[in-house]
Amino acid sequence: MRTGAASALVGGLLLTGCSDLPGDLYADPVDLTRAQAVWSDPWVAPNDLAVPEAAYGSNGQVDRTAGVRRTTYAGVDATAATGQEVAAAEQHDWTLVGATCADDEVTAVLTRGGTDPDAAAVAEVGARADDGLVDVVVTAEVPHHVDEDWPGLGPAVAAEDTCLGGGSDHPAPDLPGGEPRGDADDDVDAPSWSDDGPTADDEARSSALDADPWFASLGTPVPDPDTPDGDRRRHAPAATGTLTPGPRQPSAALAAVVGSMTGWLPTYAACSRSTGGVVTLRLDAEDGQSAGPVVARLEAVPGDAGAVSWTVTLPVVGGPDQSWVDQVDPLPDPTCLASATAPRQPVVEGTPVGLIGALQPLQE
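Computed from a predicted model, the values in this text were never measured in an experiment.

Enquirer: Sorry if this is basic, but what is going on with the sheet that holds strand E8 (residues 133-141) here?
Expert: The strands that make up a sheet are held in pairs by hydrogen bonds between backbone atoms, and each pair lies either parallel or antiparallel. In spatial order, the strands read E1-E4-E8-E7-E6-E5; together these six strands make up an open sheet with antiparallel pairing. Two strands bound the open sheet, and with one partner strand each, they are strand E1 (48-49) and strand E5 (95-101). Here E5 pairs with strand E6 (residues 105-112) via six bridges, running antiparallel. Within E6, the position partnered with Thr-100 by the bridge is Thr-107.

Structural data, given as structure tokens:
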């Protein structure tokens, strides 16, 4: 099963721009709106947020990736891990349209929103067994704004009728390729980043983060903003690390870290005995004032002696307004943080928040 245009066209290709691409293939506000529906989806809950955009190094093609999540499963095989993913997806309005199983590798494809380009999305779940664990990658795509239509990817199929439930393979059609499903506007010039540096809002966000006691205790500052000019991709300022709040179960380790983050508001928590857990948080706006979003993502995996990985991200300098993050309601008393062990059945609560990790300049 092919995973759309993203890996086929841009993997390992240019970090520099390709300004001879049609300007209309670069993302615009329509792409932002469509992608946000994936960013805030409780099942997808992506680690990496993206926007449908021009495919660098291509002959006028597009990359429709809106989000990617990577999750490690323990104590189950690839088929069972994929089955858990499909069950969780179906609880959030996704529909299974195909699944293929091999000994150590399973693929499932799900859709949402039908064929309306403003509502449609497709996600591929790839699970691979490796050294006693199962690595799962969920890749979600949405139509690019140039796409005039969106194909139906097959009728719904019940998981129990596929190899996920002991039946036969039920392959789904290939995902749409990189060719736009419409004509780009020839009168649109390729956009370009402003050569201005960080704004006052960018500085205010950095200052608010630096002043936060929990973040300051980590001793890992966010690097200086990435601000190349032209049409090259910019990356969000971000810092990552791992905390070890003692040998304990993943849920208890997450609860310990969240309990120390007095300046942060959880918005989302998901956990299971086979995956550990994940929590997203946003930096609280002091006195109701905010210069824009700052987000954190915590993840704990089973069998890692209570280790919790963390990532703190600020917006791309010169990028689009992402204030939707600050409008997401806090999640009071998450079930995933209420006991030392994860619930027997997978739990998903609240709305995930995140920020775009890498971005081309946008059309105005």
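Enquirer: What should I look at first to understand the state of the cysteines in this one?
Expert: When the sulfur atoms of two cysteines share a covalent bond, that bond is a disulfide. Considering all chains together, one arrives at two disulfides under this definition. In this model, Cys-101 is linked to Cys-163 through a disulfide, with the two sulfur atoms separated by 2.1 Å. Across the S-S bond of Cys-101 and Cys-163 the torsion is about 80°, and the bridge reads as right-handed. Here Cys-163 lies in the loop between E8 and helix H4 (200-210) and Cys-101 lies in strand E5, a separation of 62 residues in the sequence. A residue is classified by how much of its surface remains accessible, and Cys-163, at 12% relative accessible area, is buried. Here Cys-271 connects covalently by a disulfide to Cys-336, the sulfurs 2.2 Å from one another. Here the S-S torsion is close to -85°, and the disulfide linking Cys-271 with Cys-336 is therefore left-handed. Of this pair, Cys-271 sits in strand E11 (residues 264-272) while Cys-336 sits in the loop between helix H7 (324-327) and strand E15 (347-350), and the two are 65 residues apart along the sequence.

Enquirer: Would you mind going over the pairing of strand E12 (residues 276-283) with me for this structure?
Expert: In regular strands, side chains alternate between the two faces of the sheet. Taken across its eight residues, E12 has eight buried, putting it largely inside the fold. Burial along E12 is two-sided: the residues Gly-276, Val-278, Thr-280 and Arg-282 and Gly-277, Val-279, Leu-281 and Leu-283 are all buried. Looking at chain direction, E11 and E12 are connected through eight bridges and run antiparallel. Its bridge partner being in E12, Ala-269 is matched across the sheet by Val-279. Counted between consecutive antiparallel strands, the loop separating E11 from E12 contains three residues. As paired strands, E12 and strand E13 (residues 295-300) are joined by six bridges and run antiparallel to one another. Within E13, the position partnered with Thr-280 by the bridge is Arg-297.

The rules we used
Residues numbered from 1 in each chain as written. Predicted model: local features only at pLDDT ≥ 70, side-chain atom pairs only at ≥ 80, totals over all residues. Heavy atoms only, no water. Pairing = 2+ DSSP bridges. Helix = DSSP H or I, 4+ residues; strand = E, 2+ residues; numbered from the N terminus. Disulfide = S-S within 2.5 Å. Buried < 20%, exposed > 50% of the residue type's maximum accessible area, 1.4 Å probe, protein only.

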